[in-house]
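One-letter residues, chain by chain:
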Amino acid sequence: MSQPVQRAATRSLIQKYINKETLKYVFTTHFWGPVSNFGIPIAAIYDLKKDPTLISGPMTFALIAYSGVFMKYALAVSPKNFLLFGCHLTNEIAQLGQGYRYVNYTYFTSDEEKAQIASKYEQQAIDAAAANAAKEAATAVSGTKSD
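The rules we used
- Residues numbered from 1 in each chain as written.
- Predicted model: local features only at pLDDT ≥ 70, side-chain atom pairs only at ≥ 80, totals over all residues.
- Heavy atoms only, no water.
- Helix = DSSP H or I, 4+ residues; strand = E, 2+ residues; numbered from the N terminus.
- Contact = heavy atoms within 4.5 Å.
- 1 Å grid on protein atoms, 1.4 Å probe; cavity = no way out; pocket = protein on both sides within 12 Å on 5 of 7 lines; lining within 4 Å.
- Points joined across faces, edges and corners; volume = space filled by probe spheres on them.
- Nonpolar A, V, L, I, M, F, W, Y, C, P; charged D, E, K, R; others polar.
- Axes fitted to C-alpha atoms, helices over the stretch in contact; angles between N-to-C directions.
- Parallel < 35°, antiparallel > 145°, perpendicular 65-115°, else oblique.
- Left-handed = near helix turned anticlockwise from the far one by under 90°.
- Salt bridge = Lys/Arg side-chain N within 4 Å of Asp/Glu carboxyl O.

Visitor: Can you help me understand the side chain of Gln-98 in this one?
Guide: Within the element layout of this structure, Gln-98 appears in helix 6 (residues 82-108). In this structure, Gln-98 is in contact with Ala-44, Asp-47, Leu-48, Ile-55 and Thr-60, ignoring residues within four places of it in sequence.

What follows is the structure, given as structure tokens:
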């Protein structure tokens, strides 16, 4: 692509996406509220890999209700806040996954299976502690810190 064509394409892209309306939107709570709220579904998705004994049933079901209410709210306001809707839809799906894991573990898992699950996660915790201890020992020997 020649330089004038590339410059024109860049200018067109900037005019289309980085304009007064876009900047105006970015500096509103309509944008930053959902962006800051995305921490909840990100944590829920990350927690899907963790030990099911750590799941709080009441909190999970409260978050399911919360996201359901705010999905409706995101579409009820004017203008519709699709970013907020997407945030709560993601959270709803992640929390439903956590709720399934909680109900499955609490009510449908036998005591033997619970013991196996507990030993699996205990072994992972022991391995992680050993790795941290080895890392700290190596850091102490070399005299440097790595964070």
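Visitor: Explain the layout of surface pockets here, please?
Guide: Empty space left among the atoms is revealed by rolling a probe the size of a water molecule over them. Of the volumes computed, that of the largest pocket is approximately 210 Å³. Around the largest pocket, the lining is made up of 15 residues, and of these Asp-47, Ile-55, Ser-56, Thr-60 and Gln-98 lie nearest the centre. Those elements that provide at least two residues to the lining of the largest pocket are helix 4 (39-47), helix 5 (57-76) and helix 6. Top element by residues in the lining of the largest pocket is helix 4. It accounts for 4 residues. Counted by class, the lining of the largest pocket contains 7 nonpolar, 4 polar and 4 charged residues.

Visitor: Even after reading the chapter, I still don't get the packing of helix 5 against helix 6, so can you show me in this structure?
Guide: A packed helix pair is summarised by two numbers, namely the angle formed by the two axes and the spacing between the axes. For the pair helix 5 and helix 6, interaxial distance at closest approach is 8 Å and the crossing angle is 155 degrees. Between helix 5 and helix 6, the angle falls in the class roughly antiparallel. Seen along the crossing, helix 5 lies across helix 6 with a hand that is left-handed.

Visitor: Hey, could you run me through the packing of helix 3 (residues 29-37) against helix 6 in this one?
Guide: Running from N to C, helix 3 and helix 6 point in directions that differ by 15 degrees, and their axes come no closer than 8 Å. Judged by the angle between their axes, helix 3 and helix 6 are roughly parallel. Remark: the crossing between helix 3 and helix 6 carries left-handed chirality. Between helix 3, through Phe-31, Pro-34, Val-35 and Asn-37, and helix 6, the contact on the second element is made entirely by Leu-83, Leu-84, Cys-87 and His-88.

Visitor: Explanation requested: the pattern of salt bridges in the structure shown.
Guide: Any two side chains of opposite charge can pair, given that their charged atoms come close. The full count for this structure, using the stated rule, is 1 salt bridge. For Asp-47, the salt bridge goes to Lys-50, with nearest N and O atoms at 3.5 Å.

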